[in-house]
Amino acid sequence: MIAIGNDHTGYQLKMAIIEFMEKEGIAYKDYGCGDVSSSDYPEYAKAVGRAIQKKECDKGILICGTGIGISIAANKMKGIRAALCHDCFSAEATRLHNNANILVMGARVIGVGHALKIVETFFSTEFSGEERHERRIQMLEEE
Ligand code: RB5
């Protein structure tokens with residue numbers, strides 16, 4: 001199950017991604033926001049992050065204008081590895097190396113077609129499981 005959340009700037013891109021996931025039969029849960037009126041990105045980062053922490057969802061997608069604010073908010077949460085990706089190389093690499101559990105994009109940065117390719121790449125790539133990557137991910141959780 002994929003948790004998806006966005007602020008107002010990400011609403012239209014979120015709806016395009018939802019349409020894509022429905023066509024592909026990918027299960028998702030929408031954590032808002034539900035329109036283009038002004039909203040606060042930390043709220044949606046926290047909702048999606050919590051869904052992953054509670055194991056209601058195993059991965060997530062977050063969208064704001066740049067992808068930056070919502071990444072900062074999500075990455076403050078324990079166990080969350082949110083990767084801001086605006087290219088398929090990064091989307092693949094962050095799954096292989098970082099076992100990223102949230103894909104973040106900036107709706108004001110990329111077009112819908114590119115974003116959908118990034119979504120496809122991120123969710124079709126498994127973590128490599130290599131020891132050095134496991135070790136580094138463990139280190140992220142240390143104080
Ligand atoms: C909203 O105007 C914008 O600041 C937000 O979507 C995001 O880009 C913040 O990082």
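Residues numbered from 1 in each chain as written. Predicted model: local features only at pLDDT ≥ 70, side-chain atom pairs only at ≥ 80, totals over all residues. Heavy atoms only, no water.

Comments concerning the site of the ligand
Note the threshold: In these notes, residues near a molecule or strand are those with any non-hydrogen atom within 4 Å of it. Polar contact criterion, stated in full: a pair of N or O atoms within 3.5 Å, where within protein one must be able to donate a hydrogen and the other to accept it, and residues adjacent in sequence count only if both atoms are side-chain atoms. Accessibility throughout is a Shrake-Rupley quantity obtained with a 1.4 Å probe, and a residue counts as covered only by protein chains that appear here. Residues are grouped as follows: Ala, Val, Leu, Ile, Met, Phe, Trp, Tyr, Cys and Pro are nonpolar; Asp, Glu, Lys and Arg are charged; every other residue, Gly included, is polar.
Lining the immediate environment of the ligand, one finds D7, T9, Y41, C64, G65, T66, G69 and R108. In this structure, an oxygen atom belonging to the ligand sits 2.9 Å away from a main-chain N or O atom of T66. One of the backbone nitrogen or oxygen atoms of G69 is found 2.9 Å away from an oxygen atom of the ligand. About the coverage of the ligand: the protein hides 71% of its 290 Å² of free accessible area. Class assignment for the residues of the shell around the ligand results in two nonpolar, four polar and two charged.

Focus on the pattern of salt bridges
Should their charged atoms come close, side chains of opposite charge can pair. What counts is decided by this rule: The salt bridge criterion pairs a side-chain nitrogen of Lys or Arg with a carboxyl oxygen of Asp or Glu, the two atoms within 4 Å. Every helix listed is a DSSP run of H or I at least four residues long, and every strand listed is a run of E at least two residues long, numbered separately from the N terminus. For every residue, the accessible area obtained with a 1.4 Å probe (protein chains only) is divided by the maximum for its type, and the residue is called buried under 20%, exposed over 50%, and partly exposed between those limits.
Under the defined criterion, the tally for this structure stands at five salt bridges. E141 serves as the salt-bridge partner of K78, at 3.5 Å between the closest nitrogen and oxygen. Of the two residues, K78 sits in the loop between α3 (68–74) and β4 (82–84) while E141 sits in the segment after α6 (131–140), which places them 63 residues apart along the sequence. Accessibility expressed as a relative area gives 31% for E141, which makes it partly exposed. Residue E130 is joined to R132 by a salt bridge in which the shortest nitrogen-to-oxygen separation is 2.3 Å.

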